[in-house]
Amino acid sequence: DDIAESKRLFAEMMEGKRDRYRSEKRYVRPDGSITWVDRVMTAIRDVDGKLLRAFAMVEDITERRATEALLRKLSRAVEQIGDAVLIADRDGVTEYVNPAFERLTGYAREQAIGDIPPMFSTGGDEVPAGVRLRERLLAGESVSMAVRDRRKNGEFYHAHMVIAPVRGPEGDIL
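Residues numbered from 1 in each chain as written. Predicted model: local features only at pLDDT ≥ 70, side-chain atom pairs only at ≥ 80, totals over all residues. Heavy atoms only, no water.

A.B. asks: What exactly am I supposed to notice about the packing of aromatic side chains here?
C.D. replies: Each aromatic ring pair is specified by the distance between its two centres and by the angle formed by the two planes. One pass over the structure, following the stated rule, counts zero aromatic pairs. Above the plane of the ring of W36 lies R65, whose end atom (NZ or CZ) is 3.6 Å from the centre. Geometry around F156 places R148 over its ring, the cationic atom sitting 3.4 Å from the centre. (Phe/Tyr/Trp six-rings, centres within 6.5 Å; stacked < 30°, edge-to-face > 60°. Lys NZ or Arg CZ within 6 Å of the ring centre and 35° of its normal.)

Right, here's the structure in full:
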């Protein structure tokens with residue numbers, strides 16, 4: 001896997017086919033744990049192109065790879081969960097919906113993204129409720145409510161919703 005690729009890239013550098021390459025490589029420590037690194041290899045050649053040295057810059061990316069693996073797992077969980085999930089920005093504009101949302105509402109992901117769901121609406125009869133909901137979310141509160149909404153085909157459905165703000169690393173509402 002990464003060993004064969006590493007050997008191939010280094011051989012190409014030795015043969016003069018490349019002067020630089022970047023790869024992710026794993027190292028097994030004496031205790032058996034694995035460390036992942038991002039390695040950039042650069043050839044230093046003489047005027048005739050003969051390889052004099054290979055210079056390597058190595059960065060430990062073990063934690064980054066673990067974080068990426070966790071994010072992939074969380075993403076798969078949200079995609080597979082049976083409950084509808086909708087993520088909206090601070091203005092209420094939909095950024096993401098999962099397949100359960102599509103099944104519940106009848107709206108395809110492409111139709112929902114970029115739209116403002118009725119519960120965030122600031123038009124018509126919903127102005128007071130929509131404004132209050134947005135204010136509560138921006139204040140950091142979670143909101144639980146029962147809703148009656150229409151599917152794309154016009155049928156009504158009832159749902160219990162829990163709407164919660166998403167916080168950034170500094171605690172700010174995203």
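A.B. asks: Looking at this structure, I do not really get the sheet that holds strand β2 (residues 34-45). What am I missing?
C.D. replies: To summarise the sheet geometry, strands pair through backbone hydrogen bonds and adopt either a parallel or an antiparallel arrangement. Strand order in the open sheet formed by three strands is β1-β2-β3, and the pairing between neighbours is antiparallel. Looking at the sheet topology across the chains shown, the edges are occupied by β1 (20-28) and β3 (51-60). Pairwise comparison of adjacent strand axes, ignoring direction, gives a mean angle of 30° for this sheet. By the bridge criterion, nine bridges tie β2 to β3 in an arrangement that is antiparallel. By the bridge assignment, R45 is partnered in β3 with L51. Against the sheet, helix α1 (residues 2-14) engages β1, β2 and β3, with an angle of about 145° to β1. On the sheet, helix α2 (residues 62-80) packs against β1, β2 and β3 and is oriented at approximately 125° with respect to β2. (Pairing = 2+ DSSP bridges. Helix = DSSP H or I, 4+ residues; strand = E, 2+ residues; numbered from the N terminus. Axes fitted to C-alpha atoms, helices over the stretch in contact; angles between N-to-C directions. Contact = heavy atoms within 4.5 Å.)

A.B. asks: Explanation requested: the environment of L138 in the structure shown.
C.D. replies: When you line up the elements, L138 lands in helix α5 (residues 127-138). Residues L138 and A159, 21 residues apart in the sequence, show an inter-C-alpha distance of 23 Å. Excluding residues within four positions of it along the chain, L138 makes contact with R90 and I173.

A.B. asks: Help me understand the pattern of salt bridges in this model?
C.D. replies: A side chain with one charge can pair with a side chain of the opposite charge if their charged atoms come near. Counting across every chain of the model gives twelve salt bridges. For the salt bridge of R45 with D19, the shortest nitrogen-to-oxygen distance reads 2.6 Å. Residue R45 is located in strand β2, and its partner D19 is located in the loop between α1 and β1; the two are separated by 26 residues in the primary sequence. Here D19 falls in the partly exposed class, since its relative accessible area comes to 46%. Here R64 and E24 are joined by a salt bridge, their closest N and O atoms 2.5 Å apart. Of this pair, R64 sits in helix α2 while E24 sits in strand β1, placing them 40 residues apart in sequence. You can call E24 partly exposed: its relative accessible area is 33%. Taken together, the shared-partner salt bridges connect E5, R8, E12 and R18 into one network. (Salt bridge = Lys/Arg side-chain N within 4 Å of Asp/Glu carboxyl O. Buried < 20%, exposed > 50% of the residue type's maximum accessible area, 1.4 Å probe, protein only.)

A.B. asks: Would you mind going over the nonpolar core with me for this structure?
C.D. replies: If you look at soluble globular proteins, the nonpolar side chains tend to sit buried side by side. Counting residues in each nonpolar core, the largest one holds six residues, listed as L9, M13, Y21, M41, A43 and L51. Contributions of two or more residues to this core are made by α1 and β2. If sequence neighbours within four positions are ignored, M41 has contacts with F10, M13, D19, R20, Y21, A54, F55 and A56. (Core = buried A, V, L, I, M, F, W, Y, C linked by side-chain atoms within 4.5 Å.)

A.B. asks: Would you mind showing me how to read the pairing of strand β6 (residues 143-150) here?
C.D. replies: A regular strand carries its side chains on alternate faces of the sheet. In this sheet, strand β7 (residues 156-163) lies alongside β6 in antiparallel orientation, the contact comprising eight bridges. The partner of M145 across the bridge, within β7, is M161. Taking the residues between adjacent antiparallel strands as the criterion, β6 and β7 are bridged by five residues, where G154 takes a positive phi near 95°.

A.B. asks: What's the story with the environment of A84 in this structure? I'm lost.
C.D. replies: Structurally, A84 can be placed in the loop between α2 and β4 (86-88). The class of A84 is partly exposed, set by a relative accessible area of 38%. The contacts of A84, once residues within four sequence positions are left out, are N98, A100, F101 and L104.

A.B. asks: Honestly, α1 in this entry has me stumped. Any pointers?
C.D. replies: Along an α-helix, residues three or four positions apart point the same way, because every turn accommodates 3.6 residues. Here α1 is 13 residues long and its end C-alpha atoms lie 18 Å apart, about the 18 Å a rise of 1.5 Å per residue gives. Taken as a whole, α1 has its buried residues at D2, S6, L9, E12 and M13. With its buried residues spanning 130° around the axis, α1 presents them on a single face. (Expected span 1.5 Å × (residues − 1). Arc of directions from axis to C-beta.)

Take it as geometry only, folks, not as evidence of what the structure does.
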